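# Chains, contacts and geometry: an overview
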Amino acid sequence: MMSTPLLPITVFILTLALLGWGYFRSRKFGKLGLLSWLQFVALMSPWLVYFGLFVSGVFINFTTLLFLLLGSTIAYVAISNQLRKAVTEQKSEIEQKLKQDLEAGDRSNAPDNSTNKSPINSPIAVAMSQGRTQLKLFKALPVEDMKLIQGIFGIETYYVTETIPYQEGAIFKGNLRGEPDVVHNRLTQTLSDRLGDKYNLFLVEGQDRKPVVIVLPSRVSTIDNNTIPQRILIAVLIVANGYTALNLGALVAGIPVVQAPQEYLVGLPFALGIGTILGVRELAMRMMAKKYKVTMSLPFLLPSSQLGSFGAFSRISTPLPNRLALFDIAIAPAVVSGLLSLGLLLVGLYLSAIGLGSIDIPSQIFQASVLAGTLAKLFLGDALHSNFVSIHPLVILGWLGSVITALNLMPAGQLDGGRIVQSIYGRRTASWTTVLTLIFLVIATVINPLALYWGGIILILLRDLERPMLNELSELDGDREALGVVALFWMLITLLPLTSGVAERLGIGSGGGLLP
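Model, not experiment: these values are computed from the prediction. The numbering scheme is per chain: residues are counted from 1 as the chain's sequence reads. Totals for whole chains, interfaces and linings use all residues, but because this is a predicted model, local features are given only for residues with pLDDT of at least 70 and pairs of side-chain atoms are given and counted only at 80 or more. Only hydrogens and water are removed before side-chain values are computed, so all heavy atoms of the structure are retained for them.

To continue, consider the overall build of the chain. Here a strand is any run of E in DSSP of at least two residues, a helix any run of H or I of at least four, and the numbering for each starts at the N terminus. For the chain, the helix and strand inventory stands at 17 helices and eight strands. Relative accessibility decides the category of a residue: with a 1.4 Å probe and only protein chains considered, values under 20% of the type maximum give buried, values over 50% give exposed, and everything between is partly exposed. When the 516 residues of the chain are sorted by exposure, 43% land in the buried category. Of all intrachain contacts in the chain linking residues separated by at least 6 positions in sequence, the fraction that spans at least 24 positions is 70%. Of the accessible surface of the chain, which amounts to about 27,100 Å², a share of 65% is contributed by carbon and sulfur atoms. Contacts between residues were defined by any pair of non-hydrogen atoms, one from each residue, lying within 4.5 Å. Under the convention used here, a 1.4 Å probe and the Shrake-Rupley method define accessible areas, while residue burial counts only the protein chains that appear.

Below, the structure written as structure tokens:
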């Protein structure tokens, strides 16, 4: 009798435990919490069924799995619609309650004319009454500050129709009377003139897709991403990343199993190459963040035994000024690391073509990437018809750098690609691309288990979009949109493999080819 594999059982049990924990945790949040939990169930149910049947000895085919994923996606969309409806209803109830409290406060402070003829009807008394009512509703916002904030709005910039308490500040609903960037600059400058840097002003899109102004204290808008536990974790990840890079470098140098510490020195040049690619990524991103006066956390490296490193991610600590800043911060590391990796790949292929290759690899490996396969055919030509081909180590380094760059360009959450999509197409589209990317990675695990690991990283650490920007309504120029589309296309041709038909026509791998 064949023993049941340990991995499916482990995944199945962990999934059940995660679902159960999520249910008990979501109950205290009422209807909204349960709907959010159902969203998670909709995403996980195909894999719960898949691994559950697998543990039971039943293996479903790929077509059935696709239908399960399709049903899961439809259920997720339906639950999302119900969640948005519930949020809108709850918001309406809160607004109605606030109005009732305001009316009740006004009645409780109204003078009794039948028994009191004192000067309580004077304008000063009325203003004091309104101030007490505002203090009741906006507990964390001083009445004096509230009056000064309300005074920055006008019919020429933003006409306020409704004010709602929010966290330690307020939401101002109304009508935008000009270009978003012009209006935001005027409101921000006026707010700064009256209250200094005490508050941040956000111009964002509301639930009804209309412009909304949010004013929050500056300290509420800032996140501390460099706590002591996080610094310890960063140090551990740096050590782990150095180990995986050295180990991979030794493997590339022909040492499959490192048995002595000095053997790691053989992989040092390769590890330094990976470190250089990661370093230029961080440098470019932080230089761009400094340009826009944005503070970022220290980098969290992601070690990988297959690639040496998956790269690194850094969280944005202070509010972004606009979508332009988000795009530039996201595209800068992709451009510099992508160009550097592509240059290394081209130089390595050229050195391989002139006979300086020192590593024999199966030529079919070049079928794993449209970009690498096409470039390899261009430089190596008929040499790819053989089962094995000699390449220079720079080919591997450039290819791995390209893959690291491409993985970070996937359009999900706080990855470079997710930030690019959010800056170009907005928050709603970025939410959808995040979900679709996770679904694609789950499907890709059938071909490459590495996709499941990367999908887990996104789901646990990076699935959330960036927080609202100070000005989220101003759109990008056409040049940046085109550059973003090119970056996403480059990601696709790097990660997608060649089809068997194209690989055969190019003559990559054994069996020859049709083209010279």
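Back to the write-up after that little detour.
Moving on, we come to the pattern of salt bridges. Each reported salt bridge corresponds to a side-chain nitrogen of Lys or Arg within 4 Å of a carboxyl oxygen of Asp or Glu. This structure, assessed with the given rule, holds six salt bridges. In this structure, the salt-bridge partner of Arg286 is Glu282, at a minimum N-O distance of 3.1 Å. You can see Arg286 and its partner Glu282 sitting in helix H9 (residues 268-291), four residues apart, about one turn around the helix. Residue Glu282 is classed as buried on the basis of its relative accessible area, which comes to 14%.

Okay, the packing of aromatic side chains next. Stacked, tilted and edge-to-face pairs are distinguished by plane angle, under 30 degrees for stacked and over 60 for edge-to-face with tilted covering the rest, among Phe, Tyr and Trp rings (Trp via its six-membered ring) whose centres lie within 6.5 Å. This model, assessed by the stated rule, comprises four aromatic pairs. A centroid spacing of 5.8 Å and a plane angle of 50 degrees characterise the contact between Phe153 and Tyr158, whose relative ring orientation is tilted. By the burial criterion, Phe153 is buried, and Tyr158 matches it. Taking 4.8 Å as the distance between ring centres and 45 degrees as the angle between the ring planes, the aromatic pair formed by Phe153 and Phe172 counts as tilted. With a gap of 19 residues between them, Phe153 in the loop between helix H5 (143-150) and strand S1 (158-166) and Phe172 in strand S2 (residues 169-176) connect regions that are remote in the sequence. You can call Phe153 buried: its relative accessible area is 13%. The class for Phe172 is buried, based on a relative accessible area of 0%. These aromatic residues form a ring-pair network of at least three members: Phe153, Tyr158 and Phe172.

The next point concerns the pairing of strand S5 (residues 300-304). Extensive coverage of S5 is indicated by the burial of five of its five residues. Of the two faces of S5, both are covered, the one formed by Phe300, Leu302 and Ser304 as well as the one formed by Leu301 and Pro303. Here S5 folds back onto strand S6 (residues 308-313), and the loop between the two strands holds three residues. Should DSSP find at least two bridges between two strands, the strands are regarded as paired.

Now for the nonpolar core. Note on terminology: a nonpolar core comprises buried Ala, Val, Leu, Ile, Met, Phe, Trp, Tyr and Cys residues joined through side-chain atoms within 4.5 Å. One finds Phe270, Phe310, Phe366, Ile391, Met410, Trp454 and Ile458 to be the most contacted residues of the largest nonpolar core, which totals 67 residues. In terms of residue count, the dominant contributor to this core is helix H12 (residues 393-408) (nine residues). Grouped together as the second largest cluster of nonpolar side chains are 18 residues, Ala170, Leu195, Val213 and Val215 included.

Here we take up the pairing of S2. For S2, the tally of buried residues reaches six of eight residues, placing the bulk of the element in the interior. One ladder, built from eight bridges, connects S1 with S2; its direction is antiparallel. Its bridge partner being in S2, Thr163 is matched across the sheet by Phe172. Between S1 and the antiparallel strand that follows it, S2, lie two residues; Gln167 among them carries a positive phi value of about 50 degrees. Sheet topology places S2 next to strand S4 (residues 211-217); four bridges connect them, and they run antiparallel. Directly across from Phe172, in S4, lies its bridge partner Val213.

Turning our eyes to something else, we now look at the packing of helix H13 (residues 416-425) against helix H14 (residues 427-444). All axes here are fitted lines through C-alpha atoms, helices being fitted over the stretch that makes contact, and every angle between N-to-C directions spans 0 to 180 degrees. In contact at an axis separation of 7 Å, H13 and H14 are set at 145 degrees when each is read in the N-to-C sense. Considering how the two elements wind past one another, H13 and H14 form a crossing that is right-handed. The segment H13 lies against H14, with Gly418, Val421, Gln422 and Tyr425 engaging Arg427, Thr429, Ala430 and Thr433. Of the residues in the contact of H13 with H14, the class split is three nonpolar, four polar and one charged. The hand of a helix crossing depends on one turn: near helix anticlockwise from the far one by less than a right angle means left-handed, and clockwise means right-handed. Charged residues are taken to be Asp, Glu, Lys and Arg, nonpolar residues to be Ala, Val, Leu, Ile, Met, Phe, Trp, Tyr, Cys and Pro, and polar residues to be all remaining types, Gly included.

The next point concerns the sheet that holds S1. Strand order in the open sheet formed by four strands is S1-S2-S4-S3, with antiparallel pairing between adjacent strands. Looking at strand neighbours, the two that pair on one side only are S1 and strand S3 (199-205), the edges of this open sheet. For this sheet the average axis-to-axis angle between neighbouring strands, irrespective of direction, equals 25 degrees. Pairing geometry for S3 and S4, over seven bridges, is antiparallel. When the sheet's bridge partners are listed, Leu201 is paired in S4 with Val215. Where helix H6 (residues 180-195) meets the sheet, its contacts fall on S1, S2, S3 and S4, and the angle it forms with S3 comes to roughly 160 degrees.

A few words on the side chain of Ser341. Secondary-structure assignment places Ser341 in helix H10 (residues 323-353). When its relative accessible area of 0% is taken as the criterion, Ser341 is described as buried. Setting aside residues no more than four positions away along its own chain, Ser341 makes contact with Ile277, Gly398, Gly401, Ser402 and Thr405.

As for its position among the elements, Leu394 is in helix H12. Under the relative-accessibility criterion, Leu394 is labelled partly exposed at 22%. For the pair Leu394 and Leu351, spaced 43 residues apart in sequence, the C-alpha separation works out to 8.7 Å. Each residue touching Leu394, except ones within four places of it in the same chain, is listed here: Leu344, Leu345, Val347, Gly348 and Leu351.

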